[in-house]
Amino acid sequence: MGCFRVLLCIIFPPLAVIDKGCGSFILTFILTCLGWIPGVIAALIINNNPER
């Protein structure tokens, strides 16, 4: 995960996970709407997952 991706996770989390699939995008978008910090945490976890 590069520096640009980490910055994107912090600034706008749903955009950072758009290439990981529709489910990841929707989950991150909902969490971001509920609160910015849960969205950031979810985006960082999804992007750090070595299986994807």
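Residues numbered from 1 in each chain as written. Predicted model: local features only at pLDDT ≥ 70, side-chain atom pairs only at ≥ 80, totals over all residues. Heavy atoms only, no water.

A. Spatial organisation of the pattern of salt bridges. Considering all chains together, one arrives at one salt bridge under this definition. Where Arg-5 meets Asp-19, a salt bridge forms, and the shortest distance between an N and an O atom there is 3.2 Å. You can see Arg-5 sitting in helix H1 (residues 3-11) and its partner Asp-19 sitting in the loop between helix H2 (13-16) and helix H3 (22-34), a full 14 residues away along the chain. Owing to a relative accessible area of 25%, Arg-5 belongs among the partly exposed residues under this scheme. (Salt bridge = Lys/Arg side-chain N within 4 Å of Asp/Glu carboxyl O. Helix = DSSP H or I, 4+ residues; strand = E, 2+ residues; numbered from the N terminus. Buried < 20%, exposed > 50% of the residue type's maximum accessible area, 1.4 Å probe, protein only.)

B. Molecular detail of the nonpolar core. Grouped together as the largest cluster of nonpolar side chains are six residues: Leu-8, Cys-9, Ala-16, Val-17, Ala-43 and Ile-46. Where this core is concerned, the elements lending two or more residues are H1 and helix H4 (36-48). Not counting residues within four places of it along the chain, the set of residues in contact with Cys-9 comprises Ala-16, Val-40, Ala-43, Leu-44 and Asn-47. (Core = buried A, V, L, I, M, F, W, Y, C linked by side-chain atoms within 4.5 Å. Contact = heavy atoms within 4.5 Å.)

Such coordinate-based values are descriptive only and should not be taken to indicate function.
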